[in-house]
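Fold and geometry: a report
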Amino acid sequence: MTSVPDRRSSLHAPDSQDDGRPAPGPPVWVLGPLALLFSFLTWAAAVDGPVRRADERLAGEVRGSRLPSGAAEFLADLGNLVVAVPVLLAVVVYVSWRARRAGLQRWWVPSLAALVAMAAVPALVVPLKEAVGRTGPPGMAGDGYYPSGHTATAAVAYGAAVLLLLPWLHSRYRRRELAIGYLVLVTAVSFGLIRRGYHWPLDVAGSWCLSAMLLLGLAMVTSPSSSSDTARQPK
């Protein structure tokens, strides 16, 4: 028998662990260490010191890797706005439809939060690029390469899509596979950007931290444990 979702105050998709217990919420305490790490990486990218010199040596090693340039270009392109954002929009439409069909009262909140997180990427990345003013790798003109916009776009767009989908996957193993696939994808995009000489490793690492903070904020909205009255798990 399938239980009826509570239409009075239900915000999230039905979600629980396989043993019936509610899924744990996001680790909010991670925000502090992430902010500190991001501050350190930003300082390291802006100042000509040993960290930045080590970063440049690492970039040379990656550019000399055996990954074909065509494959690296393909991976880097997965961080383009025209590729990543449509994926997020498709997931937003699907999840919104599922949530409204399930009778969730504020079905639109997680999807709106995901779009806000995506819009925050250029709002944060562009001023940071101008403030740090880091020059690009050999062959790249101008400055403003830290943090990497392509990395942040991929991390937040695909990450937001994953966070929207996770509550609707009732298998712990499917949730794990989706999360692992996301991590592999973002790592591949990041490697492709460095391999093609579009960014330094520090540019990518800074975007990882920034994106993780945005996704953690989004997880606070999409996690069922953030609401005291969630829809019940179908039986």
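Look up: the structure comes first, before these words.
This brings us to empty space enclosed by the protein. In total, this model carries two cavities of 30 Å³ or more according to the counting rule given. As a volume, the second largest cavity reaches approximately 30 Å³. Lining the second largest cavity are Trp43, Ala44, Val47, Gly49, Pro50, Val51 and Arg52. Taken together, the elements giving at least two residues each to the lining of the second largest cavity come down to helix 1 (31-46) and helix 2 (50-63). Considering each element in turn, the lining of the second largest cavity owes the most residues, three residues, to helix 2. Classifying every residue of the lining of the second largest cavity gives five nonpolar, one polar and one charged.

Residues Leu88, Val121, Leu164, Tyr182 and Leu218 are the most contacted members of the largest nonpolar core, which totals 52 residues. Every element with two or more residues in this core is listed here: helix 1, helix 3 (69-77), helix 4 (81-101), helix 5 (109-132), helix 6 (149-165), helix 7 (172-195) and helix 8 (201-222). Examining the composition of this core, we find that eleven residues originate from one element, helix 6, more than from any other. The residues touching Val121, leaving out its near neighbours within four places in the chain, are Ala152, Thr153, Val156 and Leu214.

This model, assessed by the stated rule, comprises three aromatic pairs. Taking 6.3 Å as the distance between ring centres and 40 degrees as the angle between the ring planes, the aromatic pair formed by Tyr94 and Trp97 counts as tilted. Placement of both Tyr94 and Trp97 in helix 4 is noted, with a separation of three residues, approximately one turn of the helix. Of the residues examined, Tyr94 reaches a relative accessible area of 37% and is grouped as partly exposed. In this structure Trp97 comes out as partly exposed when scored by relative accessible area, which is 46%. Taking NZ or CZ as reference, Arg172 lies 5.4 Å from the ring centre of Tyr173, over its face.

Before going further, it helps to examine helix 2. Under the 1.5 Å per step criterion, the end-to-end length of helix 2 is 20 Å for 14 residues, consistent within 8% with the ideal 20 Å. Listing the buried residues of helix 2 in full gives Arg52, Asp55, Ala59 and Val62. Taken end-on, helix 2 shows its buried residues confined to a sector of 70 degrees, consistent with a single buried face. Pointing more than 90 degrees away from the buried face of helix 2 are the exposed residues Pro50, Arg57 and Glu61. Where helix 2 is buried, its residues contact helix 1, helix 7 and helix 8.

Tracing the sequence through the fold places Ser207 in helix 8. According to the relative accessible area criterion, Ser207 is buried, its value standing at 0%. Aside from chain neighbours lying at most four places away, what touches Ser207 is Pro147, Ser148, Thr151 and Ala152.

Definitions and cut-offs
- Residues numbered from 1 in each chain as written.
- Predicted model: local features only at pLDDT ≥ 70, side-chain atom pairs only at ≥ 80, totals over all residues.
- Heavy atoms only, no water.
- 1 Å grid on protein atoms, 1.4 Å probe; cavity = no way out; pocket = protein on both sides within 12 Å on 5 of 7 lines; lining within 4 Å.
- Points joined across faces, edges and corners; volume = space filled by probe spheres on them.
- Helix = DSSP H or I, 4+ residues; strand = E, 2+ residues; numbered from the N terminus.
- Nonpolar A, V, L, I, M, F, W, Y, C, P; charged D, E, K, R; others polar.
- Core = buried A, V, L, I, M, F, W, Y, C linked by side-chain atoms within 4.5 Å.
- Buried < 20%, exposed > 50% of the residue type's maximum accessible area, 1.4 Å probe, protein only.
- Contact = heavy atoms within 4.5 Å.
- Phe/Tyr/Trp six-rings, centres within 6.5 Å; stacked < 30°, edge-to-face > 60°.
- Lys NZ or Arg CZ within 6 Å of the ring centre and 35° of its normal.
- Expected span 1.5 Å × (residues − 1).
- Arc of directions from axis to C-beta.

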